[in-house]
Each structure stands twice: as structure tokens, then as C-alpha cells.
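A look at the structure
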Amino acid sequence: MEQHKGRLVYTISMLSLFLCGAVLFLIGFFPASYSVAEDQSTVPEGRPTTLHGVKLTPPPPAYDSFVLLLIDALRDDFPNATSMPVAHSRACEKLILHVDIPTVTMPRLKSITTGTLSNFIDIALNVGHTQQLQDSLLHRLNHHNRLITFAGDHTWVKLFPSEFTRQAENHDSFYVNDFYEGDRNVTKTLEAELEINDWTLLILHYLGLDHIGHVEGNASPRIPLKLREMDEVVQKILKHKSFTNKMLLLTGDHGMADGGGHGGNTPAETLVPLYLYSNNCSQTTSAATKRYNQIDLAPTLSVLLSVEIPTLSIGCLIPEMLTSLSLEYQMYAYFYNAHHLLNKARVKFGHEKVHRSDFYTWYQNATLLHKKLLLGGASQVFYQNAKLNYMRVAREISGLLSESLVKFDYGFMAIGLALTTATSLHTVISVLYLDLTEQLQLDSLKWGQLLVSAIAAVLLNVASHALDIILTSTMLQSILLMAPIAIAVYLIIDVAQALLKIALPPIYTRRLKISIPLPLPLLACFAIRTLTLGSSSFIEYEYKTWYYLGNTLILLTAFRTLRRRITKTNVELDGRHLYTIASTCLWQMRKVFVMLMLLTLMRYIHRLQAIRSTIMIFSLLLLWARLHRHSQLPQSVASAAALFMVYCFRGLNGQVHFIEVPQYAAAKLMVPTLVIFWCCLALVFVLGYRAALPQTQSFESAPPKSVLLQLLQTNLTSSLLLAALLQKVQNILLLPVLLVALQQTYKLCDVFGTSTRKFSVRLVHVYKIIMTIFLARMFFFYQGNSNSLSTIDLTPGYIGQTSYNPVIVGLFVTLNTYSAEIHAFLYLVVHTLRSDLRSVGIMHLQPPYSIAADSLIAPLYAALIMLPAAFYLFLLVGFRYHLFIYSVFSPKVLYDCYTVLVFYLVFIVTSLYFRLFKHDA
């Protein structure tokens, strides 16, 4: 017993250390801010006042005030003559802005206000901690005592807590079920601010369009209605009496993917419109729409508002926005922008390198022409040449600075790689070589080796800081790094000793043997999947890899089993009736081939919309039938009631056919329906946990089961019921089909094991573990998920909620997204405990399957999840300068690390039950 508890603790420890290493690696690979890339205080501030001895006068504000109308998730093809007629027809200029990844709100606001790129890790900070900005366009306006007012997304207030004179923030900005209320509040603030009219900059951030996209997708019938509402807002601003010498900018922070989400790099997510409005302009007639970068807004608005360009800005000017300035002031603007970027280049690359560059020659030529213009002895040709040279300089330096902002902390990355790789190999070796694990005490703590590791960690830490390999801001951080370095050294010593013994067996008296069989087909499929991680195309279309390998693996196992059974039966019958034998064996395998057909159909299930009602009824009945097989009668009744409430909830939402209910009545009935569902779910939970209570009797009609199995089955049932509420209507079918697929696959593995010449329970377990992982990943992609962050469905996080609760939202979204991963592992554990092959020993211990659940299945499952993730971290280092590093490779590493985290949390909960109730198994 103590040995098995030790294996649980060992596996949890390895998973914990792996996650710590992954976090350290991500900290080094995705620094939290780009501002630390250079000492910004060395970049000269202030606007230039002379040029080659000639006095310069900065331009005054181009307009009395500006309105920045930001519509969240407004992609480029949304506004047109039909959807937004006023906005489309009245625009002076229609431009396109390219948005850098990640395409989520917070980093986009940073780019708009500072003119610099955000780090990819900002996508994680978008829903959590938000770093306050120290320098931006808003800070510059405040420095000049200009009034700034704001209404909308509260992310602005987190970024700029003291920059707004007046603010009306939406505190429930992350509550995606709010389509209209928050936007109405913004419009009310707009109406009040138009009457006051004492501000220089008014920022309006509407969220309704983004929320509709998250909940109902980009094809929702509410999208045109919301766009018309936004068109009315534009009309309200343009028709107001105070809109005389104002400029209105209509744009979006990011676009919207075809599925309604965002965060990826598709054109629908990275291209947003920029429409300009004022009373003294002529409508554009050019058919070709010019494209600029979102970071270009900050320097352009700085010039128009007559304030200094933010120090962090690496953007260029947008010429179409400067037409209201005189030629002299336009030339000053281009000179100022090029001068600012040239100063940043000097700080970043050094004076000598800059002076030897081509763009410095262009800059000198432009300033000479500019001087002639100031002295009045030049023509329009000089103006155009100077302007083009200034713009060439700005674009060239902007591109160089953008590339230079990619900074990696190789010290943290090295520690993270050491920890993740060592823990993965340590776990694999401890599972494959039980004798070696006992010899080297791999699952025990050796104090002498720990002391040596601590001394080595001190020396490595001091040397790394001395050589500037590791950079930490405080002494406390340096001391805290000692722990992961020491642990990494400790594990590396263990792994090195183990690999040495494996590689040099003749030196030792006894040859090491692998404790579990490693079937070649499984290893080949697993290796192919791991190696495909090195290709951006395979990562983008990873679902095809899993579909092919998963079905191929099951089909190959089925045919090998069929061949062995036919051969064995044929030998027993002396070769007679071969046709009859083959037909009989093939008929016995019919369910496996039906399952393969089901798995093929599941690829397209998330696309089916027309027959959602029929699919949902069938799915709920099939799910109840699967749960009823291993539930007691009261639990089955409660489960049926819960599933009926799921259908009622979807019917009240209008997603499936339901009885005719007025809209106002349906809105009132949704909350009671969800309350009844939660009561039924709680009843299922309580009935299942009665077995763990002292002095309670099991139901008379139910067969006796162990407390551990009863509780784990209850957890699985409750989780499936909750997942049925959270899943999209057409995806609910995946829940029972997953159970069917797992059950038939496990039966196939049992038959395959018994058809071998020498029966091996360990071989059966290895097959089941790898098959479970493959099926879980297949169903992950069946659900419509991908390696793009835009496919994450946020809607389940807000079911039954009236406000934003990050814990509940995160829990529900995780359960929905990783439903297959969670339920596949839980079902594997329940199946292992439920199986009864006590006549065959495993590792010479009894009872076999209950011991295998925590001594073999859990460590091997963990190793097979950690190993590809650790391998991918190494690939990420090699591809760190790849063109698609942030658009393809980076989202994938977040998915992989989060997959390990989800398994870790599920495994901890499951392990708790093993520690408390294992003696009853």
C-alpha cells in the first residue's frame, strides 16, 4: 500500500515540477513587457525646434477635439453601404489597419495608445492582471492639461487609472451575454459629453459586437442589427451641433474570425477599418484602399493633437490623416516622426551602425531638401522628394525596431527546458525500468544528492548572473531561482545515471529489462505525431494527423486481432471451415468497424446546424443510456431530469425546437430551468456519495461496488451532465460517442491481449493508455477546436451567470474545451477499477487492475503527455526566429502546457480519492 501511495506522490511531484519548468520557460520566451528591451530614458524627448540651424515651429492642433469610436471586433468587411450606410457614405477616408497578434483587446489598446508592439503573452494578461502604462498618447495629453473622457470597456481604466477627467466604464466587460445594455450606457455618456464639449479627446469603446460574435458567431442575425446601431451612433456624432471642428475616427481594436472568436492571425482577425470624418474634407473616390499598421495611429494622433510622440512608439505617420495641415506643418510632421525613430535606432543599434546605414543617407537628403523648403527656395518636387525620403526612413527603421523587440531570456528558458526535459525522462524511465527505479531509488528523495545539487545550483546561479545569462531585477528573485536550478540538477543526475546503466549493460552483472511491453505500431504512431510538431503546416492542421493516426491505429489493431483469432481457431479445427471461421470472427468485430464509421462522421458534427434538434434529442438519450448502465435507479432518474432541463434550456434560448413560449416568458423561465438542473446535478452527486458515508446501506437493487469506484463513477457522471449543459447543441453527441468509442476500444484491447501467444495484462494497459490519449485528442478536434486561440468558445463560461466571475468562467470554459481530455482519463480509471481479471497478475500483485490504476496507468499517461510537450519546447527554441513563431508555434505551446495543467488538476483530484479509499478497492 505504501508503495502505491508513493507512486501517486511521485507522479504528482513530476507533474508539478514539469509545470514549474514550463512556466519558467514561458517567462523567458514571452517577457511580460517589451519596454525592458532598451533604456527608454536615453531616447531624447521633446519635439525638435531646429533643423540645420533653421528654426522650426511645431504645428498647432489640427482640430479642436477628436472622437475615437472603437467598436470591438469590427473587422474590415463589416461596414459597407448596406450595414452602415451613414458611416460608409460620409467617411472622408476609408483606410485599413493591420493589427498585430495577439488579436485580443488589451494588447491592441497598448498599440493604439503607445505605438509599439505588444508581447504574445499579453493574451494571458488580457483577462487577468493588466499592467498600467507609464507613457502613452494619453499621458502626453494630460501633461499638456488636455481633457480626456472615456466610456466603455473597463480595460482602458486598468491601463490608464488616472488619465481620464471623466469616465464611465463597463465593469462587466467580460460578460459576453451583454449585447445591448453596456452599449446603451456608452451612448448615454456620448450624448452627455457632446453637450459638455470641454474635452480634447473622447474615447468610446463599444463591446456588443464582440459579445455577439463570441456567443452566436459572425453569421448571427444580430450582427446586422448591431452594425446598424453603431451606424446610428456615427450619425448622432456627425449631426450634432458641436461637430464643427472635430475629427471622428471609426475603427476596431481587432477583427472577428469566421467562428466569432479572435486571437489568431487570419485576415478576418488582423484587418480592421479606419474611417475618418470631419466637416472640412472631401469624400475619397479611390477604389484601392490603402493599408497601414495599427501602431501608426499613436504618432499620427500625437502630431494632430500637437503633443510629443510617446517614447515607445515605433509607428509611422498616416498621410491621409494629415491633409488638414499646411505643407510646412506636414513636412514638420514627417521630419519629427523620422527624427524620433532615428533617435531610437541610435540607442538600439549604436551611432556608428546607424551612420553607416542607407536610411541615414536618406534622412540626410531629406533634411537638406527640407531646409531648402524652409528657406523658400524650393519647388513642389523638393517637397515630394523630402516627404518620400522621410517616409522611407520611418518605414525602414520601424521594421528594424519591430524585429529587434523580440527578446528572449535564455537563462529562464534553459532552466525551464532542464526541468521539463528531466521530469519527462525521469517519469518515462521510472515506468519502463522498475528494477532500475529500485536500484537508483528514482522515486525516493536522496539527501546527499540533494545537497550536491544545492551546491551546484549556487555556483550555477552566481556564474549565470556574473555572465549576464540570467537577469533578475531583485535579489529575492535570484534567491528563489536556486530551488528550480537545484531540482533540475538533482533530476539530471538521476537521468544521467539511469541512461548510463541502460546504455552500458555489459558493465553490470544483470541486464536491465523493460518492465512493460512497447508495441511497435503504437510507438510508431506516437513518434510520427511527435515529429510532426516541427512543421507549421502540421500544427495548423494537426487535427488531420490525429484523425489519420487514431483511426489507423484502431484499424490496425482490429485487423491484427482478427488475423490472430482466425489463425488460432483454424489451427484448433484442423483447417476446416475457414470461410465460416473468418465470417464468424469478422461478425464478432462488427462493433469496432461501426465505431470507426462513427469516428469518421464525428469530424463533421460541429458543422451540422440544420438538424440540431434531432441530434440533441438523440444525443441526450444516448448519453442517459450510457450513464444508466452503471448508475443506480435514483441516480438515473435524477440524470434524466438534468438532461431534460438541458434540452429545455436550449429550447428557451431558441437553439432547438421547443413549445411556443413568448420571448419575455422564455427569459424569465431560463433561470428556474437552470436552478432545477443544478438541483438534479446535486442530487446525482449526493446519491453517489452516500456510499462514502459511514453506516449507510447501498441500494438493494444495485450490485455491491467499492466505495472508490462508486465515487469516481459519480464524479464522471456529474462531469458529463455539466458538460452536456456547456457544449454546443451539435457537440453534445460527442459525449456519449466518446464513451462508446472508449468502451469498444478497450474491448478490442482486451481481445487483442488474449489473442497473443503469451497473455500480458501490461500490454493491454499500454494499448488502452495510448488509445485513450489518441481518442481524447481526436474528440478535442471533433469539437471544433484547433491550435488557434480564436476557436476557444467563451460562451459556456457565462451560462446561468449575470456577471463576470473569472473563476467560474475559467472553470466552465476549461471543462468545455478539454471535455474529451478530462472524461477520457476519468473513464479509463473507472474502467480499470471496474474490470475484473484477478486470475492474471500484474507486477505480481493482487488485485491486478486496481493496483494498475495508480501504479502503471497514471505515471505512463503522465509521461506520454509530458514528453511531447517537452520536445515541443525544444522545437520552440529552434524556431524562435521563424516567420510563424507568434502566429502558429506560440499558440500551440500554450495549448500543450494547458493540456498538462488540466491533466494535473484532474489527476490530483483522482489521486485524493485513491489515498482515501484505496483500501476498499
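In the block above lies the structure referred to throughout.
Attention here is on the structure that accompanies the text. (Residues numbered from 1 in each chain as written. Predicted model: local features only at pLDDT ≥ 70, side-chain atom pairs only at ≥ 80, totals over all residues. Heavy atoms only, no water.)

Below, the discussion takes up the overall build of the chain. If you tally the helices and strands in the chain, you get 35 helices and 10 strands. Scored against the burial criterion, the 921 residues of the chain give a buried share of 57%. Within the chain, contacts between residues separated by at least 24 positions form 79% of all contacts whose residues are at least 6 apart in sequence. For the chain, the accessible area works out to roughly 38,800 Å², and carbon and sulfur atoms hold 62% of it. (Helix = DSSP H or I, 4+ residues; strand = E, 2+ residues; numbered from the N terminus. Buried < 20%, exposed > 50% of the residue type's maximum accessible area, 1.4 Å probe, protein only. Contact = heavy atoms within 4.5 Å. Areas by Shrake-Rupley, 256 points an atom, 1.4 Å probe, with all protein chains shown as cover.)

The next point concerns the pattern of salt bridges. Applying the stated rule across the entire model yields 19 salt bridges. Residue glutamate 181 pairs with arginine 184 through a salt bridge whose shortest N-O separation is 3.3 Å. Here glutamate 181 pairs with arginine 184, and both are found in helix 7 (residues 181–196), just three residues apart, close to one helical turn. The exposure class of glutamate 181 is partly exposed, given its relative accessible area of 44%. Accessibility expressed as a relative area gives 43% for arginine 184, which makes it partly exposed. Overlapping salt bridges bring together Arg529, Glu542, Lys892 and Asp896 as one network. (Salt bridge = Lys/Arg side-chain N within 4 Å of Asp/Glu carboxyl O.)

This part covers a positive patch on the surface. A contiguous patch of positive charge, built from Arg590, Lys591, Arg629 and Lys747, is present on the exposed surface. Looking at the element boundaries, lysine 591 is found in helix 25 (residues 590–601). (Patch = residues over 30% accessible without salt bridge, like charges linked within 9 Å, V, L, I, M, F, W, Y side chains within 5 Å. Lys, Arg positive; Asp, Glu negative; His and termini not counted. Charge placed at Lys NZ, Arg CZ, Asp CG, Glu CD.)

In this section: the packing of aromatic side chains. Counting across every chain of the model gives 35 aromatic pairs. When the ring of tryptophan 546 is compared with that of phenylalanine 774, the centres are 5.0 Å apart and the planes differ by 70 degrees; the resulting orientation is edge-to-face. Highlighted residues: tryptophan 546 in helix 23 (residues 542–572) and phenylalanine 774 in helix 31 (residues 761–782), separated in sequence by 228 residues. The buried category is assigned to tryptophan 546, whose relative accessible area is 1%. You can call phenylalanine 774 buried: its relative accessible area is 2%. When the centroid spacing of 5.2 Å and the interplanar angle of 15 degrees are considered together, the rings of tyrosine 861 and phenylalanine 903 count as stacked. (Phe/Tyr/Trp six-rings, centres within 6.5 Å; stacked < 30°, edge-to-face > 60°.)

Here the focus is unusual backbone geometry. At the junction of isoleucine 101 and proline 102, the peptide bond is cis and its omega measures out at 5 degrees in the coordinates. Structurally, proline 102 is set in the loop between strand 4 (93–98) and helix 3 (105–114). Even without being glycine, histidine 52 reaches a positive phi, approximately 55 degrees. Of the residues examined, histidine 52 reaches a relative accessible area of 46% and is grouped as partly exposed.

A cluster of nonpolar residues, Leu451, Ile455 and Leu459, forms a patch on the protein surface that exposes about 320 Å² of accessible area. Looking at the secondary structure, you find leucine 459 in helix 18 (residues 447–466).

This brings us to the nonpolar core. Core analysis: the largest hydrophobic core is formed by 134 residues, its most contacted members being Ile554, Leu599 and Phe779. Sorting elements by how many residues they give to this core places helix 31 first, with 16 residues. Those residues in contact with leucine 599 that lie beyond four places of it in its chain are Asn551, Ile554, Ala741, Leu775, Met778, Phe779 and Tyr782. The next biggest cluster of nonpolar side chains, apart from the first, holds 73 residues, and it includes Tyr332, Leu341, Ala345 and Tyr363. (Core = buried A, V, L, I, M, F, W, Y, C linked by side-chain atoms within 4.5 Å.)

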